[in-house]
Amino acid sequence: KVSMFSDEHTRRRARMEMQNYAHDSMPSLNELNKVIPASPRTRYLAGCIREGIQPLSNLIVRRNVTTTLDLSHYSMGDKMGRVLAECLGDLPCLESINLNDNNLTDDSLQFLIEAIISIPTVHELDLSRNKIDGQSSEALAGYVSRADCPLKKLVLQVADVDDGECDHFVKC
């Protein structure tokens, strides 16, 4: 019998069909994350890529086993703050979080505070030298007014908090 297609052509076509089948049946990254959750480090890096910002190595590498996350004086800004908020709640064994002097405003502080609320072991929080406005002060008020709030020390040294915003959480 004489065939129109060479054996090489048939093998190539079969290989392409198998690759297409494998590609079509592979789950997406989002589907994989539902089955195998991404680590906080992976989510942080993915968020930096998504936002087009340079990752800060000290935000993702913990050199020592410690219960303190000291991110003071990084001037990370709101974009980085929002990315950090996406993975902060899943960092293990945190008792103290220092976000002092990071140029954070309502654009990120609200989300950071909401992430911190999900960490039942945090006893100390330092938000000094950041701008606390309406949304973040309301989130902070909601946090400190909870009966199960584990916070024992809240530091707001030289934080830009107006009287109206301060009212939200001081009454708690």
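Note that this is a predicted model, so its numbers are computed, not measured.

Colleague: What is the right way to look at the overall build of the protein in this model?
Modeller: Along its length, the protein carries eight helices and six strands. Secondary structure elements of the protein, listed N to C terminal, follow the sequence α-α-α-α-β-α-β-α-β-β-α-β-β-α. Relative to its 172 residues, the protein shows a buried fraction of 34%. For the protein, the proportion of contacts with a sequence separation of at least 24, taken over those separated by at least 6, is 78%. Only carbon and sulfur atoms are counted for the fraction: they give 53% of the accessible area of the protein, which is about 10,900 Å².

Colleague: Honestly, helix α6 (residues 106–117) in this entry has me stumped. Any pointers?
Modeller: An α-helix turns once every 3.6 residues. As a result, residues three or four positions apart point the same way. In a regular helix each residue adds 1.5 Å, so twelve residues correspond to 16 Å; α6 covers 16 Å between its end C-alpha atoms and thus fits that length. The complete set of buried residues in α6 reads Asp106, Ser108, Leu109, Gln110, Leu112, Ile113, Ala115 and Ile116.

Colleague: Got a minute to help me understand the nonpolar core in this structure?
Modeller: The nonpolar side chains of soluble globular proteins are, as a tendency, buried together. Judged by nonpolar contacts, the single largest core of 35 residues is most densely connected at Leu88, Ile97 and Leu99. Every element with two or more residues in this core is listed here: α3 (40–51), α4 (57–60), α5 (77–88), α6 and α7 (134–144). It is α5 that contributes the most residues to this core, six residues altogether. The contact partners of Leu99, leaving out residues within four places of it in the chain, are Leu71, Met76, Leu84, Leu104, Leu112, Asp126, Leu127, Ser128 and Asn130.

Colleague: So what exactly am I meant to see when it comes to the sheet that holds strand β3 (residues 124–126) here?
Modeller: Each strand in a sheet pairs with another by means of backbone hydrogen bonds, the pair being arranged parallel or else antiparallel. Read from one edge of the open sheet, four strands run β1-β2-β3-β5, paired in parallel fashion. At either end of the open sheet lies a strand with only one pairing partner, and these are β1 (68–70) and β5 (153–155). Strand-to-strand twist of the sheet, defined as the mean angle between neighbouring strand axes without regard to direction, takes the value 0°.

Colleague: Help me understand the packing of α6 against α7, please; the structure alone is not making it clear to me.
Modeller: The description of two helices packed together rests on the angle between their axes and the distance between the axes. The interhelical angle for the contact between α6 and α7, taken along N-to-C directions, is 15°, at an axis separation of 7 Å. The orientation of α6 relative to α7 falls into the category roughly parallel. The two elements α6 and α7 meet at a crossing, and its hand is left-handed. Here Asp106, Leu109, Gln110, Ile113, Ile116 and Ile117 of α6 lie close against α7, whose contacting residues are Gly134, Gln135, Ser136, Ala139, Leu140 and Tyr143.

Colleague: Any chance you could explain the environment of Asn98 here in plain terms?
Modeller: When you line up the elements, Asn98 lands in strand β2 (residues 96–98). The sequence separation of Asn98 and Leu127 amounts to 29 residues, and the corresponding C-alpha distance is 6.7 Å. With residues near it in sequence (within four places) discarded, Asn98 still touches Leu69, Asp70, Leu71, Ser72 and Asp126.

Colleague: Explanation requested: the side chain of Ser136 in the structure shown.
Modeller: Positionally, Ser136 belongs in helix α7. Residue classification places Ser136 among the buried residues on the basis of a relative accessible area of 0%. Of note is the side chain of Ser136, whose polar atom sits 2.4 Å from the side chain of Asp106. Of note is the side chain of Ser136, whose polar atom sits 3.2 Å from the backbone nitrogen of Asp133. Ignoring any residue separated from it by four or fewer positions in sequence, one finds Ser136 in contact with Asp106, Leu109, Gln110, Ile113 and Lys131.

Colleague: Please clarify how unusual backbone geometry should be interpreted in this entry.
Modeller: In this model, Ser75 sits at a positive phi of 50°, which is unusual for a non-glycine residue. Tracing the backbone through its elements, the reader meets Ser75 in the loop between β1 and α5. Even without being glycine, Val158 reaches a positive phi, approximately 55°. Note that Val158 resides in the loop between β5 and β6 (160–161). Judged by its relative accessible area of 60%, Val158 falls in the exposed class.

About the cut-offs
- Residues numbered from 1 in each chain as written.
- Predicted model: local features only at pLDDT ≥ 70, side-chain atom pairs only at ≥ 80, totals over all residues.
- Heavy atoms only, no water.
- Helix = DSSP H or I, 4+ residues; strand = E, 2+ residues; numbered from the N terminus.
- Buried < 20%, exposed > 50% of the residue type's maximum accessible area, 1.4 Å probe, protein only.
- Contact = heavy atoms within 4.5 Å.
- Areas by Shrake-Rupley, 256 points an atom, 1.4 Å probe, with all protein chains shown as cover.
- Expected span 1.5 Å × (residues − 1).
- Core = buried A, V, L, I, M, F, W, Y, C linked by side-chain atoms within 4.5 Å.
- Pairing = 2+ DSSP bridges.
- Axes fitted to C-alpha atoms, helices over the stretch in contact; angles between N-to-C directions.
- Parallel < 35°, antiparallel > 145°, perpendicular 65-115°, else oblique.
- Left-handed = near helix turned anticlockwise from the far one by under 90°.
- Polar contact = N/O pair within 3.5 Å; in protein donor to acceptor, adjacent residues only side chain to side chain.

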